[in-house]
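Summary of structural features
Given next are the chains, with one letter for each unit.
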Amino acid sequence: FHGFSERVLRQHGLEIGLNPEFKLLDSTAQWVFLKKNLESLDLKYYHSAGNPNKFISELLTHFSRLKDENISSAEYKKVVDKLVQESSSEVEEVLEMEKLQELSSAYTLYNKLLIENNFLDFGDLINYTIKLFKERPNILKLYQKKFKYLMVDEFQDTNFAQYELIKILA
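What counts and how
- Residues numbered from 1 in each chain as written.
- Predicted model: local features only at pLDDT ≥ 70, side-chain atom pairs only at ≥ 80, totals over all residues.
- Heavy atoms only, no water.
- Helix = DSSP H or I, 4+ residues; strand = E, 2+ residues; numbered from the N terminus.
- Buried < 20%, exposed > 50% of the residue type's maximum accessible area, 1.4 Å probe, protein only.
- Contact = heavy atoms within 4.5 Å.
- Phe/Tyr/Trp six-rings, centres within 6.5 Å; stacked < 30°, edge-to-face > 60°.
- Lys NZ or Arg CZ within 6 Å of the ring centre and 35° of its normal.
- Axes fitted to C-alpha atoms, helices over the stretch in contact; angles between N-to-C directions.
- Parallel < 35°, antiparallel > 145°, perpendicular 65-115°, else oblique.
- Left-handed = near helix turned anticlockwise from the far one by under 90°.
- Arc of directions from axis to C-beta.
- Polar contact = N/O pair within 3.5 Å; in protein donor to acceptor, adjacent residues only side chain to side chain.

Another point: the side chain of Glu164. Mapped onto the elements of the fold, Glu164 is located in helix 8 (residues 160-169). Here Glu164 falls in the buried class, since its relative accessible area comes to 13%. Excluding residues that lie within four positions of it along the chain, Glu164 makes contacts with Ile130 and Lys134.

As structure tokens, this is what we get:
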């Protein structure tokens, strides 16, 4: 999935505003990138004075899960805003909503920083390919004609975004 998506985006990414010269960040590079930009996330709940790097891995795991589900930062914010509106004023629930709002804000800023720095992570590869195929049906048609059959090894291990990509191509 990732190799295919990377080739597609390098060839056609400009169609959706991506620089085809993007740099792909592996998990270590993501960690370093987030650490370098940690202060700009303005974290309160996910901030530890004693160990400022404490939550980096957990944040990246959360962002990765959102991308595996093909959830954009705008969609995530909309869901969080709805939850906040429907929540009660109990202290525990207010704290939970503040935590969710912080995660939503951090996810939005993380994605913005990636694009500004011409970086993509592995989840971006699939999500931007889906976006490309949805927004540019002519390019999708090229790949549908190119691949008469699709075979997916280890299909049971596909996540939602990967399954969406398969459905679009098929």
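So that's the structure; there's more coming.
The next point concerns the environment of Leu24. Relative to the assigned elements, Leu24 resides in strand 1 (residues 23-24). For Leu24, a relative accessible area of 22% translates into the label partly exposed. Separated by 119 residues in the primary sequence, Leu24 and Tyr143 have C-alpha atoms spaced 23 Å apart. Setting aside its immediate chain neighbours within four residues, Leu24 contacts Glu6, Leu120, Asp121, Phe122 and Leu125.

This brings us to the packing of aromatic side chains. For the coordinates displayed, the defined rule picks out ten aromatic pairs. Plain terms: the ring middles of Tyr76 and Tyr107 are 5.8 Å apart, the flat faces sit at 90 degrees to each other, and that makes the pair edge-to-face. Placement of Tyr76 in helix 4 (residues 73-86) and of Tyr107 in helix 5 (residues 91-116) is noted, with a sequence separation of 31 residues between them. For Tyr76, a relative accessible area of 10% translates into the label buried. Three or more aromatic residues link up through ring pairs in this structure, and these residues are Phe33, Phe63, Tyr76, Tyr107, Tyr110 and Phe119. The lysine or arginine in question, Arg10, covers the ring of Phe22, its NZ or CZ lying 3.9 Å from the ring centre.

Mapped onto the elements of the fold, Asp124 is located in helix 6 (residues 122-135). Contact partners of Asp124, with chain neighbours within four places excluded, come to Leu9, Lys67, Asn111, Leu114 and Thr129.

The relative placement of two packed helices comes down to the angle between their axes together with the axis-to-axis distance. Packing of helix 6 against helix 8 brings their axes to within 9 Å, and their N-to-C directions diverge by 30 degrees. Classified by the angle between their axes, helix 6 and helix 8 sit roughly parallel to one another. By crossing handedness, the relation of helix 6 to helix 8 is classed as left-handed. On helix 8, the residues that touch Ile126, Asn127, Thr129, Ile130, Phe133 and Lys134 of helix 6 are Ala161, Gln162, Glu164, Leu165, Ile168 and Leu169.

This brings us to helix 2 (residues 27-36). Inspection of helix 2 places Gln30, Phe33 and Leu34 among the buried residues, and these make up the whole buried set. Along helix 2, the residues classed as buried sweep out an arc of 95 degrees about the axis, all on the same side. Turned more than 90 degrees from where helix 2 packs its buried face, Thr28 and Lys36 sit exposed. Backbone nitrogen of Thr28 and a side-chain oxygen of the N-cap are separated by 3.2 Å at the start of helix 2; the cap is Asp26.

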